[in-house]
Amino acid sequence: MALPKEERYTYTDYLEQDGKERIELIDGVPRMMVPPSREHQEISGELYRQLANFLEGKPCRVYAAPFGVRLFERAGDGPEDVDTVVEPDITVVCDRSKLDAQGCKGAPSMIIEILSPSTQRHDRLTKLNLYQRAGVREYWIVNPEDRTVQVMLLENGIYRVTDVRTAGDVIKVNSLEGCYLELEKVFR
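Being a predicted model, the structure only gives us computed values, none of them experimental.

Visitor: Explain the pattern of salt bridges to me, and be specific about the residues and the numbers.
Guide: In the structure shown here, the tally under the stated rule is 12 salt bridges. Between Asp83 and Arg8 there is a salt bridge; the shortest N-O distance is 3.4 Å. Note that Asp83 is positioned in the loop between strand 4 (68–70) and strand 5 (90–93) and Arg8 in the segment before helix 1 (11–15), a separation of 75 residues in sequence. Overall, Arg8 belongs to the partly exposed group, its relative accessible area being 40%.

Structure (structure tokens):
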């Protein structure tokens, strides 16, 4: 079932979808998601693999899209109260109380977005501002075209670029003590 035509959509509408189309809700406005390219999936898969291997036996969890994150959901909110649901490419959650059967409620510890031609503006502006406002501590933007990873950390409520790495580098995951990822394997 497609979303009904309304001015403002909520998590209730999101949950009633038939699953044929992927969408995100941004402040009550639905945004269709284009299926990712093969390269995008390979990059996502490798980032997920390295993170999952590091996190084995540890309390934090990593999730690959599609995984719903209700950034601004508060205790006591019902689905009709939630109007922002995003599906980051990679989500790391260290506070298990934020996890439920549908995904994550509140800001996860870390989010990674992989750019594609159709999502660059959305990931660099809209989502960056959402993640910053929600309090996501660490945000990575992965650019397959120039084979770089831009790391942003939340400092005093504002993202600050703290690192930019390229294909041959090893990159530190600030949210996970002792975690480093090999970008040579990410950008094969």
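Okay, back to it.
Visitor: How would you summarise the nonpolar core if you had to cite specific residues and measurements?
Guide: Nonpolar side chains tend toward joint burial in soluble globular proteins. Ranked by size, the top nonpolar core spans 25 residues in total, and within it Leu47, Leu51, Trp140 and Leu176 carry the most contacts. Looking at this core, the elements with two or more residues in it are helix 2 (38–55), strand 5, strand 8 (110–114), strand 9 (138–143), strand 10 (148–155) and helix 4 (183–186). With five residues, helix 2 is the largest single contributor of residues to this core. Once you skip the residues sitting within four places of it in the chain, Leu176 turns out to touch Leu51, Phe54, Leu55, Cys60, Val92 and Cys94.

Visitor: Go over helix 2 with me, naming the residues and quoting the values.
Guide: An α-helical turn contains 3.6 residues, so any two residues separated by three or four positions project in the same direction. If you check helix 2, its first and last C-alpha atoms are 25 Å apart, about what 18 residues at 1.5 Å a residue would give, namely 26 Å. Buried within helix 2 are the following residues: His40, Ile43, Ser44, Glu46, Leu47, Gln50, Leu51, Phe54 and Leu55. Viewed end-on, helix 2 has its buried residues packed into an arc of 165°, placing them on one side of the element. Considering only its buried residues, helix 2 is in contact with strand 3 (61–64), strand 5, strand 8, strand 9, strand 13 (180–182) and helix 4. Just downstream of helix 2, Gly57 is the residue with a positive phi angle, here 80°.

Visitor: I'd like a description of the sheet that holds strand 6 (residues 99–100), backed by residues and values.
Guide: Ordered in space as 4-7-6, the three strands form an open sheet in which the pairing is mixed. Because the sheet does not close on itself, it has two edges, and the strands there are strand 4 and strand 6. Where strand 4 lies against strand 7 (residues 103–105), three bridges are found, and the strand directions are parallel. Looking at strand 7, one finds that Gly68 is bridged to Gly103.

Visitor: Lay out the packing of aromatic side chains in plain terms, naming residues and giving numbers.
Guide: Taken as a whole and judged by the stated rule, the model has four aromatic pairs. Relative to Tyr14, the ring of Tyr11 has its centre 5.5 Å away and its plane inclined at 25°; by these criteria the two rings are stacked. With Tyr11 and Tyr14 both in helix 1 and three residues apart, this pair spans about one turn of that helix. Considering the side-chain rings of Tyr139 and Tyr159, the 5.9 Å spacing of their centres and the 40° angle between planes classify their relative orientation as tilted. Note that Tyr139 is positioned in strand 9 and Tyr159 in strand 11 (residues 158–166), a separation of 20 residues in sequence. Each member of the pair, Tyr139 together with Tyr159, is buried. Ring-pair connections join several aromatic residues into one group, and the members of that group are Tyr131, Tyr139 and Tyr159. A cation over a ring is seen here: Lys58 above Phe54, with NZ or CZ 4.3 Å from the ring centre.

How each quantity is defined
- Residues numbered from 1 in each chain as written.
- Predicted model: local features only at pLDDT ≥ 70, side-chain atom pairs only at ≥ 80, totals over all residues.
- Heavy atoms only, no water.
- Salt bridge = Lys/Arg side-chain N within 4 Å of Asp/Glu carboxyl O.
- Helix = DSSP H or I, 4+ residues; strand = E, 2+ residues; numbered from the N terminus.
- Buried < 20%, exposed > 50% of the residue type's maximum accessible area, 1.4 Å probe, protein only.
- Core = buried A, V, L, I, M, F, W, Y, C linked by side-chain atoms within 4.5 Å.
- Contact = heavy atoms within 4.5 Å.
- Expected span 1.5 Å × (residues − 1).
- Arc of directions from axis to C-beta.
- Pairing = 2+ DSSP bridges.
- Phe/Tyr/Trp six-rings, centres within 6.5 Å; stacked < 30°, edge-to-face > 60°.
- Lys NZ or Arg CZ within 6 Å of the ring centre and 35° of its normal.

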